[in-house]
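Each chain, written out:
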Amino acid sequence: MHTAPLPAVSGAMVFYSQFDDYTAWRDAMQARLPDLRVVHGDEAHDPADIHYALVWKAPPGFFDRMKNLRLIVNLGAGVDSLVGREDLPAEVPITRLTDPNMARMMAGYVLFAALRYARDIPHFEAAQRRGEWAYRHPRSPETVRVAVLGLGELGACAARELSRQGLTVLGWSRSPRRIEGIECHAGMASLDTVLSRADILVVMLPLTPQTHGLLDRERLRRLPRGAALINVARGPLVDQVALTDLLRSGHLGGATLDVFEREPLPPGDPLWAMENVLITPHLASVAIPASAAEQIADNVLRVSQGLPPVNRVDAARGY
Ligand code: NDP
């Protein structure tokens, strides 16, 4: 088989993340684009050499003097920490990762957390701690209603997986969506109805000026008494003080929280000690070099040939 040689890519790529493995990403990129020079943001480099950036939460001023930057790749799905920064060169496209493996990892987390509630596992965990055989008859899955807020790359995948388990799934997004087996709703006018019908609420929205604080005290109170909340999106979507109060009062039965208003969640925060709360440190899903490097390499090639990149973020919309 004859494979055409890849066109040479000029300029270097700068990498920055405190959470992701630099050498794994560098090697994955260079396996696809052998000509591409990759440097870590902390290494000495000439900012004028940088044409591409692969970053997660780069420090303020990171992009200063990168006057030849042509593409910024957000090393994740949520771009809230990137859009609106003051050091971003105007007109440089921002793309984000939409990797099917990332969606599958996220769906796995959401499925675990939702089934844990649907099967009353927290009740058995508490009973075991007391050494009690506390039989509770299992509910039939279709009697459990799960509402998924956000039906994007990650939300739609999780909603489908929940539906495959026989749960009754409602979905909510900004514009109308059609997903087989999911009762889809769209727009602010329908949010209260969706909330009032959710035994389990899964938050999978991007953080934007429109969604910041969306789940305030009043909206959280619209959830049926005893409902559970799963937040795998961003902490500031939910009023954390109201959430803590409602978990304490029993209006909310439980919460599985992967994201918080402040991360790491500060020591001494009341959420740490609450029996009805499960906390994980922001890892519901992560970008995987072996599968995501392909789409980044494609975009680097596209941009180097003067083509627009795919998966471009709409900076005005914020996601
Ligand atoms: P997408 O951009 O693909 O989808 C976003 C969804 O939210 C769309 O359905 C969109 O509606 C909807 N939406 C956006 N704004 C509103 C609004 N104002 N009202 C109603 N619906 C709205 O995002 P992803 O699915 O890829 O990711 C979702 C979020 O998950 C990310 O932004 C990130 O914050 C978070 N995340 C968390 C991770 C973790 O480890 N905890 C890992 C990865 C991501 P429409 O369909 O009409 O556009």
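Refer to the structure printed above.
Cut-off values and rules
- Residues numbered from 1 in each chain as written.
- Predicted model: local features only at pLDDT ≥ 70, side-chain atom pairs only at ≥ 80, totals over all residues.
- Heavy atoms only, no water.
- Buried < 20%, exposed > 50% of the residue type's maximum accessible area, 1.4 Å probe, protein only.
- Helix = DSSP H or I, 4+ residues; strand = E, 2+ residues; numbered from the N terminus.
- Right-handed = clockwise from strand over helix to strand, strands pointing away.
- Pairing = 2+ DSSP bridges.
- Expected span 1.5 Å × (residues − 1).
- Contact = heavy atoms within 4.5 Å.
- Patch = residues over 30% accessible without salt bridge, like charges linked within 9 Å, V, L, I, M, F, W, Y side chains within 5 Å.
- Areas by Shrake-Rupley, 256 points an atom, 1.4 Å probe, with all protein chains shown as cover.
- Salt bridge = Lys/Arg side-chain N within 4 Å of Asp/Glu carboxyl O.
- 1 Å grid on protein atoms, 1.4 Å probe; cavity = no way out; pocket = protein on both sides within 12 Å on 5 of 7 lines; lining within 4 Å.
- Points joined across faces, edges and corners; volume = space filled by probe spheres on them.
- Nonpolar A, V, L, I, M, F, W, Y, C, P; charged D, E, K, R; others polar.

K.L.:
How would you explain the pairing of strand β11 (residues 252-257) if you had to name every residue and give the values?
P.N.:
With respect to burial, β11 is a largely interior element, five of its six residues being buried. With helix α7 (residues 240-249) bridging strand β10 (residues 227-231) and the parallel β11, this β-α-β connection has right-handed handedness. Sheet topology places β11 next to strand β12 (residues 277-279); three bridges connect them, and they run parallel. Bridging from a neighbouring strand, leucine 257 pairs with isoleucine 279 of β12.

K.L.:
Explain helix α8 (residues 289-304) to me, and be specific about the residues and the numbers.
P.N.:
In this model α8 runs 21 Å from its N-terminal to its C-terminal C-alpha over 16 residues, within 8% of the 22 Å that 1.5 Å per residue would give. Of the residues making up α8, those classed as buried are Pro289, Ala292, Ala293, Gln295, Ile296, Ala297, Asn299, Val300, Leu301 and Val303. Against the buried residues of α8 lie β1 (12-16), α1 (22-32), β3 (50-55), β4 (71-74) and β5 (94-96). Trailing α8 by a residue or two, glycine 306 shows a phi angle of about 80 degrees, which is positive.

K.L.:
Describe a nonpolar patch on the surface, with residues and values.
P.N.:
A surface patch of nonpolar side chains, about 220 Å² in accessible area, is lined by Met105, Leu283 and Val286. Locating leucine 283 in the fold gives a position in the loop between β12 and α8.

K.L.:
Which residues make up the layout of surface pockets, and what values do they have?
P.N.:
Taken as a whole, the second largest pocket spans an internal volume of roughly 500 Å³. Among the secondary structure elements, those contributing two or more residues to the lining of the second largest pocket are α2 (100-118), α3 (121-129), β10, β11 and β12. Looking at the lining of the second largest pocket residue by residue, the classes come out as 11 nonpolar, five polar and 10 charged.

K.L.:
Which residues make up empty space enclosed by the protein, and what values do they have?
P.N.:
For the coordinates displayed, the defined rule picks out three cavities of 30 Å³ or more. One number sums up the size of the largest cavity: a volume of about 50 Å³. Asn231, Gly235, Val238, Gln240, Leu243, Leu257, Val259, Phe260 and Glu261 together form the lining of the largest cavity. When the residues that make up the lining of the largest cavity are grouped by side-chain class, the tally is five nonpolar, three polar and one charged.

Fair warning: the whole summary comes from geometry, so function is off the table for now.
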